[in-house]
Amino acid sequence: MNSLQKFRETLYSVFPIMLVVILLSVTLVPLGSTVLVKFIAGGVLVIFGLTIFLLGVDIGILPVGERSGAALTARKNLPLLLFSAFIIGFIVTIAEPDVQVLADQVSSIESSVDRWLLIGMIAVGIGLFVAIGILRTIISLPLNWILTFAYILVFVLAYFAPKTFQGVSFDSGGATTGPMTVPFIMSLGVGVAAVRAKSDKNNELKNASSNDSFGLTGIASVGPVLAVLVYGILFFKPSALPAAESAVSEHASNPAARFWLADFVRKLPQITKEVLTALAPLAVMSAVFQATLLKLPPMQVIRMIRGFIFSFAGLVIFLLGAQVGFMPCGHELGVALGNAAMKGPFWTALLVTAGFVFGAIVVCAEPAVWVLTDQVESITGGTIKRRVMLFALSAGVAFSIALSMLRVLWGFSLWYILVPGYALALILSFITPRLFVGIAFDSGGVASGPMTTTFILSFALGASSASGSSSATDAFGVIALVAMTPLIAIQILGIFYRIKTRRAA
């Protein structure tokens, strides 16, 4: 196992975040000593937790997903494959910790929302669109046409949905593609595409199958957006939403009143329960597939179990550091910079610049981003380097967070960004090489993971509350923008890649 390499990668990803926060704290934006100590301790936990989690994904989760997809496809039973894809998407979504957090946030700011009905709708949306994505891979439907139709439907429904559910719906697309959902769904799609490529005798069809390895996560992330919009239209009774600070008050409470180590100990049982709930359905599903489809030898079964144990331990450590160390610090820093931004243009520029820098470096610490970039480099045989992918993702997310800070200060509508942004992304999908379209829309889902929704969301909430803008609307819109900008950045990278290869030829 390349544990040293994984540790080095995570250290290089998380340490810049810690360095920037510490520099801001000791210079322009002083933070309390307790906040800073918890942040540093949380950073250490994030580094070790992410390393262990990525090792577990490599040896346990990804092989199960790929082999399950390959085994189901090899049976040549399309109804069985699509039904299995729906069940996989449904079960994994119900268990996804980010979905539970999103439902808690929405229900806490609007009491009329039925938490479990909302989770069930989101799970149905993911399951349905995972099945559609698998069908697209099997019959080689163009990804850009499916996404164009899906997003036209999304914006039509958004027009009729209650205003308070518009931002929530787009954010749900990012929240549901979390650290457990993405590895399994992506590996499932890769396994299906690999079997289809082997069965295709025509070279052109083989190339199409290779290009279809990506895009399943991008298609799946549309499902929860539609599901939440449908929930808002059918089941939600419009009412004024209270301030969003209540949704994060547990995480943004004053940490100076308690001994900092006690916060980690107090949060550990809850996070352990959430991660156990997330992994249990995957473990049961893997056991069923092993008994009916895979029938792996004992050594590989032991390796798979060891991978699940690593994933469990790593995710617990990672989330503990992120929620206890990163979230309170992000909120405090946002409040400090938001208050300072009211003083003049220099401090306004500092807030926007801080958002840009945090967006650029936080996305590199997302577990699902490392899974995606590793699979891209592996499947393309090193043609598309992980370093290049990370740079493009960082640029896109940095721009989105900077826009979010401007939106917090100036209060312009989220639709001024989302409508032209998605229109540009869909237009680019007809110009960009087919492989990059799938990678781009997968990237939009994985970029908005637990690191983004903990540190960045807390940072935006703090800045929003300090500047006096509408926190409920602004908070949910941040994740939507983070999920959108990688679609454009990666597709532009694909256009440059095609130009470069043509010149080389």
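Please refer to the structure placed before this passage.
In this report, we go over the structure that sits alongside the text.

Remarks on the environment of Phe289
With respect to the helices, strands and loops of the structure, Phe289 is situated in helix H13 (residues 260-294). Along the primary structure Phe289 and Ser68 are separated by 221 residues, whereas in three dimensions their C-alpha atoms are 6.8 Å apart. Residues in contact with Phe289, not counting those within four places in the same chain, are Ser68, Ile88, Leu294 and Lys295.

Brief notes about a nonpolar patch on the surface
Residues Leu117, Ile152, Val156, Tyr159, Phe160, Ile233, Leu234 and Phe235 make up a contiguous nonpolar surface patch of about 830 Å² in total accessible area. Among the secondary structure elements, those contributing two or more residues to the nonpolar patch are helix H6 (143-160) and helix H11 (222-234). No other element matches H6, which puts 4 residues into the nonpolar patch. Here Phe160 lies in helix H6. Phe160 sits in the exposed class, given a relative accessible area of 57%.

Describing the packing of aromatic side chains
Applying the stated criterion to the full structure yields 19 aromatic pairs. Centre to centre, the rings of Phe7 and Phe48 are 5.5 Å apart; their planes meet at 40°, and the pair counts as tilted. Of the two residues, Phe7 sits in helix H1 (residues 3-26) while Phe48 sits in helix H2 (residues 33-74), which places them 41 residues apart along the sequence. Judged by its relative accessible area of 28%, Phe7 is partly exposed. On the basis of relative accessible area, Phe48 is assigned to the partly exposed category, the value being 45%. An angle of 35° between the planes, with centres 4.8 Å apart, marks the rings of Phe39 and Phe326 as tilted. A residue pair is termed long-range when its members are at least 10 positions apart, and Phe39 in helix H2 and Phe326 in helix H14 (residues 298-341) qualify at 287 residues. Of the two residues examined, Phe39 and Phe326, each falls in the buried class. Grouped by ring-pair contacts, the aromatic residues Tyr151, Phe155, Phe170, Trp415, Tyr422 and Phe441 constitute a single cluster. One residue, Lys343, lies across the ring of Trp347, its end atom 5.8 Å from the ring centre.

About the criteria used
- Residue indices begin from 1 for each chain and proceed along its sequence in written order.
- Per-residue local features of the predicted model are confined to residues with pLDDT of at least 70, and side-chain atom pairs are confined, for both listing and counting, to 80 or more; whole-chain, interface and lining totals are unaffected and use all residues.
- For side-chain calculations, the full set of non-hydrogen atoms in the structure is used, while hydrogens and water are omitted.
- Only DSSP runs of H or I covering at least 4 residues are called helices, and only runs of E covering at least 2 are called strands; the numbering of each starts at the N terminus.
- We call two residues in contact when some of their heavy atoms are within 4.5 Å.
- Candidates for patches are residues over 30% relative accessible area with no salt bridge; among them, like charges are joined within 9 Å and nonpolar side chains (Val, Leu, Ile, Met, Phe, Trp, Tyr) within 5 Å.
- Computed by Shrake-Rupley with a 1.4 Å probe, the accessible areas treat only the displayed protein chains as cover when residues are assessed.
- One speaks of a salt bridge when a side-chain nitrogen belonging to Lys or Arg is within 4 Å of a carboxyl oxygen belonging to Asp or Glu.
- Only protein chains enter the calculation, and the probe is 1.4 Å; a residue is then buried if its accessible area is under 20% of its type maximum, exposed if over 50%, and partly exposed in between.
- Each Phe, Tyr or Trp ring, with Trp reduced to its six-membered ring, pairs with another whose centre is within 6.5 Å; inter-plane angles below 30 degrees give stacked pairs, above 60 give edge-to-face pairs, and intermediate values give tilted ones.
- Distance and angle both matter: a charge sits over a ring if NZ of Lys or CZ of Arg is within 6 Å of the ring centre and within 35 degrees of the ring normal.

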